[in-house]
Amino acid sequence: MSNPTRREILQGSIAFASLSLFGLPALAEGETLVPFTDIPKDANFNPAPDRRNLDIRTIDGMFTPKDKFFTTQHYGHPDVDPAAFRLKISGLVDHPLQLSLDDLKKKKNTELIAGFECSWNRRPLQGLSSNGRWTGLPLKNVLDAAGVKPKAREFVFYGADHGEEEVEFRTNKFKVDYQFGRSLPREKALSSEPFLAWALNGEPLTKFQGAPLRLIVPGWYGVSNVKWLSQIHAQEEQYMGKYQTRWYRTVRGEMIDGEMRWNETAVTHMQLKSFVARVTRDGSKYKVHGVVLNDGTPIRSVEVRVDEGPWQAATLDPETNSKYSWKLFTYVWNGATPGEHTLVSRVTDVTGKVQPTEKDLETKKSFLEDNSQHPRKVMIS
């Protein structure tokens, strides 16, 4: 694999807009990308019309453009007419509502900066992750208008996307038309954080991103950010939808009193994570650029390690300091020598939590929520 030049990158439509001195800035004249040797040459970042991975080597600023923002789903991309759209608020509420997009926009709206990843996101591509500036309003504003009854303990968010599923109960199987749904407990749903968004980076949502309306639960994995949101149903009983109870679970072992106990937990808030996104060269100078994703807990430090050397401090980009934004970082790599090298990052938050190694997660049997340190291989010529 040869090092692409600035001209070749621009011709290949991988143009990097300037961010800042510390983040992932534009390639300077004469600066080149150092290729990762652990990404397959035939890596497909757009495996289907309705699935897209972000090529993290092309991150060009704080916000991911709409045509690069990752997308994945289970029932295709439904077409929802914005003019006919109505958001239904039903169940244990005093005033059931049907709100048009204009109705929502007439309420006090605001913006939220939030980055997130799919809980499936993992090595070597790390491409199911993005960051955006969302326009909309807090979910709480709508629920307060509906008047939530005291018995409402769970809030189910249904998308317009649906498909036929075979539901099995012991030896019995049933064919049903299944609508995608996720739920939030009362405390979370009525907090100030969940957000109803109709625009991304100042433009109306695309079909890829859930037009005309989607839910954003900042600090949580993407599966909770229901796209094509059509109904919010308040209920007393626990929601047991297929994708919440059977697909998006993490199986993990824990030693309790000297014995291994196995537990299944729901995929909710994002685990502390960082990864190296690209490496650049300018003459004899090298820079390592990367991304941090987490649940909004403030970050204490990010470090980079070359081969088996000591951990070295990286610099966090001060422009990506919003609570739920992804955080970008840069490490100046001095003394790079010819040959293959391994680069890895780790992040620590203010509570003292450190991004785990792969060995630390060896009792985690499911591949979801893989936040382990990700060694990257590069070749210095």
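The structure reproduced in this document is the subject of the present report. Computed from a predicted model, the values in this text were never measured in an experiment. (Residues numbered from 1 in each chain as written. Predicted model: local features only at pLDDT ≥ 70, side-chain atom pairs only at ≥ 80, totals over all residues. Heavy atoms only, no water.)

With that settled, consider the packing of aromatic side chains. The way to describe two aromatic rings as a pair is by their centre distance and the angle between their planes. Scanning all chains against the criterion turns up 13 aromatic pairs. Centroid distance Phe69 to Trp134: 5.6 Å. Interplanar angle 75 degrees. Geometry classified as edge-to-face. With Phe69 in the loop between strand 1 (32-34) and strand 2 (87-91) and Trp134 in strand 5 (residues 129-138), the pair connects residues that are 65 residues apart, well separated along the chain. Accessibility assignment for this pair places Phe69 and Trp134 in one class, buried. Judged by centre distance (5.6 Å) and plane angle (55 degrees), the ring pair of Tyr286 and Trp333 falls under tilted. One end of the pair, Tyr286, is in strand 15 (residues 285-293); the other, Trp333, is in strand 19 (residues 327-333), and 47 residues separate them in sequence. Trp333 gets classed as buried once you look at its relative accessible area, which sits at 4%. Three or more aromatic residues joined by ring pairs make a cluster, and in this case those are Tyr75, Trp120, Phe180, Tyr243, Trp247, Tyr248 and Phe367. One cation-aromatic arrangement involves Arg122 over Phe367; the distance from NZ or CZ to the ring centre is 4.3 Å. (Phe/Tyr/Trp six-rings, centres within 6.5 Å; stacked < 30°, edge-to-face > 60°. Helix = DSSP H or I, 4+ residues; strand = E, 2+ residues; numbered from the N terminus. Buried < 20%, exposed > 50% of the residue type's maximum accessible area, 1.4 Å probe, protein only. Lys NZ or Arg CZ within 6 Å of the ring centre and 35° of its normal.)

Read from one edge to the other, the open sheet built from four strands follows the order 17-16-20-21, with strand pairing classed as antiparallel. Each edge of the sheet is formed by a strand with only one pairing partner; in this case those strands are strand 17 (312-313) and strand 21 (376-380). The pairing of strand 16 (residues 299-306) with strand 17 spans two bridges and is antiparallel. Within the sheet, the bridge partner assigned to Glu303 lies in strand 17 and is Ala313. (Pairing = 2+ DSSP bridges.)

Moving on, we come to the pairing of strand 6 (residues 154-169). Both strand 6 and strand 7 (residues 172-185) contribute to a ladder of 13 bridges, which runs antiparallel. Within the sheet, the bridge partner assigned to Glu168 lies in strand 7 and is Lys173. From the end of strand 6 to the start of strand 7, which pair antiparallel, there are two residues, and Arg170 there has a positive phi angle of about 55 degrees. For strand 6 and strand 11 (residues 229-235), the ladder comprises six bridges, and the chain directions are antiparallel. Counted as the bridge partner of Phe155 is Ala234 from strand 11.

Fair warning: the whole summary comes from geometry, so function is off the table for now.
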